[in-house]
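Working through the structure, step by step
The primary structure of each chain is shown beneath.
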Amino acid sequence: MKKTWFAECHRFGSVVMALATLSAVAGPDLFVGTAGLGHVSPAAAWPFGMVQAGPDTSAFPDRYVGDWPHTCGYQYGDRWLWRFSQCRFYGIGCGSMGFFGLLPSVTPFDAADGGFARELDKPTEAATPGYYAVTLKAGHIRCEVTALARTAAYRFRFEHPGRVYLLVDPGWGVQGDEPTREIDMKSPDACFGRVVVDCQVQRQTPTRLALHTHQVAWNDVECWGVAEFSVPIASERRLRTARFPLGEIVEYGFDLPDRGALEVRLALSRRSVRAAARNLAAEMPTFSFDEARSKAAAEWSRRLGCLQLDPETPERTRHVFEAACYRTMIHPSDLSDVGERPDYSNLSLWDIFRACSPLQTILAPEVTAGLVESMSDIFERQGYLPILHAWGAENHCMVGHHAVPIIASAVLKGIPGFDVERAYEAVKDSLTVNHVKVNDGTWGLLKEDWELWDRYGYYPYDLLSGEHFGLKVRGESVSRTLECAYDDACAAKMALALGRREDAAFFAKRAANWKNVFDPSVGFARGKDSQGRWRESFDPKACGAGPWADNDFTEGNAWQYTWHVMHDLPGLVAAMGGKAKFGARIEALFSASSEVYGPSFTHDVSGLIGQYAHGNEPSHHIAYLFRYSDRPEKTDEYVGRICRELYQPTPDGCCGNDDSGAMAAWYVFSALGFYPVDPCSGEYVIGSPQVPGATIRLPNGRRLRVQTVNWAPEGKHVRSVSLNGRSLDGWILRHADLLQGGTLTFTFDD
């Protein structure tokens, strides 16, 4: 019987045993998704914490570019370490953060070197939840990293006595710097550029540094830090290189005994050096790397132990499942200082509202409650709910207001711990009041225009307002319509639950706006102008991306977005001509040819089965829509196929950006046998379990046992489903029933 790392740690419940089993027990593979499209990192992280400390790498010793493959700072196939940095945004298609780069050496750094990269000894690389390690070839330095909520801890082991060196780069970021060209922060590809406004490192004592950085890139962020060394600084040299002209890099020397280790503890704050110092004193008052690592291991075992697969689970499935569970618990990130209430950021809401946030309402409802309060705080600071927040700063990327479904879901599921009335006022205001002041040349813009929305009942592609860095906004009209209609549906449900009947009727009427862009003559959602005329030269395979592109979709096309009516599936079925035609239409999606194209094609349209694009979130619910057709068994077939073909237990095993756990959460739900097609509804559509059995340990102390009868890895259909012996009709499992625990039984055909 194979024992998993987090199952063993939870079983023994001991910090010491957690560490003792690390080498003997397999655990989540943190390298899944670190190559190709996944955009994740093996960095050491604390669940939902501020810190994700780990390597920023390059394929080249003389060139680090924070390009699209390196938005998380790392690619598995890279050989060269440029820095260890402290924070990153997992799975996202634009880089952000990094902060306070560190790099050890046995020799002084040569300013003429420019980048100071060091070659990795790749076979020595290792990672487990809360821990990362690798050996550098030059000097054979063993580098270990662990993370607490606000503190990164490093241990650099040197083989020979004498003076060793540590590069401290206060201006470092995962996006790198490109001094050979001026970075135009007003260009459409500005998310791959970065400007360091200010960066400083100051020695406060022989063992302590104060750090600060202010960077403008995909967003405008500041970070403060305090670094403490286990031995006194013996030398200091400030370097300014042609490669990094935007701020000084400092080389510190330390005198170590034979086979000595230099430990570094580095606490962060979004507010001040003084706050960072308080965080350090509270979380890691003394040097003990092993103790910090054990705390991280114990916290991860507590979090991950809530999902356990039966021993008979196929090894490949277990490998993918455990890695996916881990990735759903990185974000949102709590940026609060010690003693403060949670302040969640790193919110890729367009991605996570679909599956990752619903999974957290089951496994970590206290995080959901803190997130709702944090989003209400953001509303009060910036005047509207967050759209995409990174390190506490808004960048207005993506479409819709998808804080709304997360808030509404929390209210409808009865999650305690937040001010419901305050949250509702934030929802109502954000969906009814224009905030044109943000269309001012910052990266991205608030894309919704409620006057236009209410006048036409859709977004006419010829009347879209605003500019995007000097370029007229002219794209994404259909995606905006469909996404906003869904947000309105969620607001209507929330208003009705709170007794706001007039508001509920208003939002419910707007939720029907999806019908205004559905063209029954072609069977697709389609762009429409202000005169009610359909866009000419319509091609359902033509992809759109971004507000500046003359196309009606966001990271997708009509084949993929037409199904974005999760709140009114009976209406969509009727619009397509009934269950039989609806089912045939979904089948046609999966069997169509897989070419995608267009002037605004993006890498995100990936993981294709026909025109179904699993590599991006708008497609994620579609396989479950067969349950609403005349061929419900097709859900079993396609969910199984997606799990087998598009998730692999390898570094390049993600068919698209993981997007803050969005891809991972889809797999976790699907492996367990149910999925939140309408994330706000409190209902899960029954699928087909990809495991023979599992146990969910719920925060309320109950357990939900998922068991199967006649299960096989593939080729069988679910015949019936029951919860505690009661048949579930209509392929629906309700959240309230799930929380009661018991046994969910799937019976497959013989």
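Report follows, based on the coordinates. These numbers were taken from a predicted model, which means no experiment stands behind them.

So, the overall build of the chain
The helix and strand tally for the chain stands at 19 helices and 35 strands. Radius of gyration (C-alpha) of the chain: 25 Å, near the 27 Å computed for a compact globule of 750 residues. Seen through its principal axes, the chain has C-alpha atoms that stretch 80 × 60 × 50 Å. Contacts in the chain between residues far apart in sequence, at least 24 positions, make up 68% of those at least 6 positions apart. Here the chain has roughly 24500 Å² of accessible surface; of this, 51% comes from carbon and sulfur atoms. Each charge sign in the chain was given a centre, from 76 positive and 91 negative side chains, and these centres are 3 Å apart.

Here's the deal with helix H18 (residues 662–672)
Along H18, eleven of the eleven residues are buried, which leaves the element largely enclosed by surrounding structure. The set of residues buried in H18 consists of Ala662, Met663, Ala664, Ala665, Trp666, Tyr667, Val668, Phe669, Ser670, Ala671 and Leu672. Of the residues one or two after H18, Gly673 is the one with positive phi, at around 105°.

Some thoughts on the environment of Arg533
Inspection of the secondary structure assignment puts Arg533 in the loop between strand E25 (524–525) and helix H14 (558–561). When the C-alpha positions of Arg533 and Gly640 are compared, they lie 41 Å apart, and in sequence the two are 107 residues distant.

Some thoughts on the pattern of salt bridges
In the structure shown here, the tally under the stated rule is 51 salt bridges. In this structure, Lys541 engages Glu595 in a salt bridge whose closest nitrogen and oxygen atoms are separated by 3.0 Å. Here Glu595 lies in the loop between helix H16 (579–591) and strand E26 (608–609) and Lys541 lies in the loop between E25 and H14, a separation of 54 residues in the sequence. Its relative accessible area of 13% is what places Lys541 among the buried residues. Linked by salt bridges that have partners in common, Arg270, Arg271, Asp337, Glu340 and Asp343 make up one network.

Focus on the nonpolar core
Membership of the largest hydrophobic core comes to 206 residues, with the highest contact counts inside it found for Phe84, Phe156, Leu262, Trp391, Phe590, Phe674 and Leu744. Here the element with the most residues in this core is helix H12 (residues 477–497); it accounts for ten residues. Here Leu744 is in contact with Phe674, Leu704, Arg705, Val706, Gln707, Val721, Ser722, Leu723, Leu728 and Leu733, once residues within four sequence places are set aside. Counting residues in each nonpolar core, the second largest holds 14 residues, with Ala153, Ala276, Met284 and Ala292 among its members.

Brief notes about the sheet that holds strand E19 (residues 347–348)
Pairing in this open sheet of three strands is antiparallel, and the strands run E19-E20-E21 from one edge to the other. Among the strands making up the open sheet, the edge pair consists of E19 and strand E21 (393–394). Examined bridge by bridge, E19 and strand E20 (residues 388–390) share two bridges and lie antiparallel to one another. Note on E20: the bridge partner recorded for Leu347 is His389.

Considering the sheet that holds strand E34 (residues 732–734)
Think of a sheet as strands paired side by side through backbone hydrogen bonds, with each pair either parallel or antiparallel. The sheet built from three strands is open, its strands ordered E28-E29-E34 with antiparallel pairing. Looking at which strands have only one partner, the edges of the open sheet turn out to be strand E28 (674–675) and E34.

Notes on the environment of Ala292
By the element assignment, Ala292 lies in helix H4 (residues 289–304). A residue is classified by how much of its surface remains accessible, and Ala292, at 3% relative accessible area, is buried. For the pair Ala292 and Ala152, spaced 140 residues apart in sequence, the C-alpha to C-alpha distance is 9.2 Å. The contacts of Ala292, once residues within four sequence positions are left out, are Thr146, Leu148 and Met284.

Looking at the environment of Tyr667
Relative to the helices and strands, Tyr667 is located in helix H18. Overall, Tyr667 belongs to the buried group, its relative accessible area being 1%. Sequence separation of Tyr667 and Leu572 is 95 residues, and the distance between their C-alpha atoms is 26 Å. Other than its neighbours up to four places away in sequence, Tyr667 contacts Thr317, Val320, Phe321, Ala324, Cys643 and Tyr647.

Quick look at the pairing of strand E10 (residues 195–205)
The pairing of E10 with strand E11 (residues 208–216) spans nine bridges and is antiparallel. Bridge assignment links Val196 to a residue of E11, and that residue is Gln215. The turn linking E10 back onto E11 is made up of two residues.

Regarding H12
Between its first and last C-alpha, H12 extends 30 Å over 21 residues, near the 30 Å set by a 1.5 Å rise per residue. Burial runs high along H12: 18 of the 21 residues are buried. Downstream of H12 by one or two residues, Gly499 has phi in the positive range, about 80°.

Here we look at the side chain of Asn219
By the element assignment, Asn219 lies in the loop between E11 and strand E12 (220–229). Engagement of the side chain of Asn219 in a polar contact is seen with the side chain of Ser96, the distance being 3.2 Å. Among the polar contacts listed, one links the side chain of Asn219 to the backbone oxygen of Ala390, at a separation of 2.5 Å. For Asn219, the residues in contact, after removing those within four places along its chain, are Ser96, Ala390, Trp391, Ala393, Glu394 and Asn395.

Quick word on the packing of aromatic side chains
Summed over the entire model, instances satisfying the criterion amount to 34 aromatic pairs. Taken together, a centroid distance of 6.1 Å and an interplanar angle of 35° make the contact between Phe553 and Tyr561 tilted. The exposure class assigned to Phe553 is buried, which follows from its relative accessible area of 4%. Put simply, the rings of Tyr624, Tyr647, Trp666, Tyr667, Phe669, Phe674, Tyr675 and Tyr684 pair up and form one aromatic cluster. The ring of Tyr458 has Lys528 sitting right over it, with the charged end atom 5.1 Å from the ring centre. Here the basic side chain of Arg535 rests over the ring of Tyr461, its NZ or CZ set 3.9 Å away from the ring centre.

Thoughts on the packing of helix H9 (residues 403–412) against H12
Where H9 meets H12, the closest approach of the two axes is 9 Å, and the angle between their N-to-C directions is 30°. By the angle between their directions, the pair H9 and H12 is classed as roughly parallel. Relative to H12, the crossing made by H9 is left-handed. Residue-level contacts link Val404, Pro405, Ile407, Ala408, Val411 and Leu412 of H9 to Tyr486, Asp487, Cys490, Ala491, Lys493, Met494 and Ala497 of H12. Tallied by class, the residues present in the contact of H9 with H12 amount to eleven nonpolar, no polar and two charged.

Definitions and limits used
- Counting restarts for each chain, with residues numbered from 1 along the sequence as it is written.
- In keeping with the predicted nature of the model, local features appear solely for residues at pLDDT of at least 70, side-chain atom pairs appear and are counted solely at 80 or more, and the whole-chain, interface and lining totals rest on all residues.
- To obtain the side-chain values, all non-hydrogen atoms of the structure were included, while hydrogens and water were left out.
- Each helix is a run of DSSP H or I of at least 4 residues and each strand a run of E of at least 2, with the numbering of both proceeding from the N terminus.
- Here the globule rule is a power law, 2.2 Å times the number of residues to the power 0.38, and the radius of gyration is based on C-alpha atoms.
- Here, two residues are considered to be in contact whenever any of their heavy atoms come within 4.5 Å of each other.
- Note that accessible areas follow from Shrake-Rupley with a 1.4 Å probe, and for residues the cover is restricted to the protein chains shown.
- Residues scored as charged are limited to Lys and Arg (positive) and Asp and Glu (negative), so that His and the chain ends carry no count.
- Charge coordinates come from a single atom per side chain, which is NZ of Lys, CZ of Arg, CG of Asp or CD of Glu.
- Relative accessibility thresholds used throughout: buried, under 20% of the residue-type maximum; exposed, over 50%; partly exposed, between the two (1.4 Å probe, protein chains only).
- Definition used for salt bridges: Asp or Glu carboxyl oxygen within 4 Å of a side-chain nitrogen of Lys or Arg.
- Take the buried residues of types Ala, Val, Leu, Ile, Met, Phe, Trp, Tyr and Cys, join any two whose side-chain atoms come within 4.5 Å, and each joined set is a nonpolar core.
- A pair of strands is considered paired only if DSSP assigns at least 2 bridges between the two.
- Expected helix span is given by 1.5 Å per residue-to-residue step, counting one fewer step than there are residues.
- Within 3.5 Å is the distance limit for a polar contact, defined as a pair of N or O atoms, with the added protein rule that one can donate a hydrogen and the other accept it, and that residues adjacent in sequence qualify only through two side-chain atoms.
- Centre distance within 6.5 Å is the pairing criterion for rings of Phe, Tyr and Trp, where only the six-membered ring of Trp is used; planes under 30 degrees apart are then read as stacked, over 60 as edge-to-face, and the remainder as tilted.
- Charge-over-ring contacts are defined here by two conditions on Lys NZ or Arg CZ: a distance within 6 Å of the ring centre and an angle within 35 degrees of the ring normal.
- Comment: axis = line fitted to C-alpha atoms, over the contacting stretch for helices; angle = value between 0 and 180 degrees taken between N-to-C directions.
- Oblique is the label for any angle not under 35 degrees, not over 145, and not in the 65 to 115 range, which are roughly parallel, roughly antiparallel and roughly perpendicular in turn.
- The sense of a crossing depends on the near helix, which, turned anticlockwise from the far helix by less than a right angle, makes the crossing left-handed and, turned clockwise, makes it right-handed.
- Side-chain classes follow a simple rule in which Ala, Val, Leu, Ile, Met, Phe, Trp, Tyr, Cys and Pro form the nonpolar group, Asp, Glu, Lys and Arg form the charged group, and the remainder, Gly included, forms the polar group.

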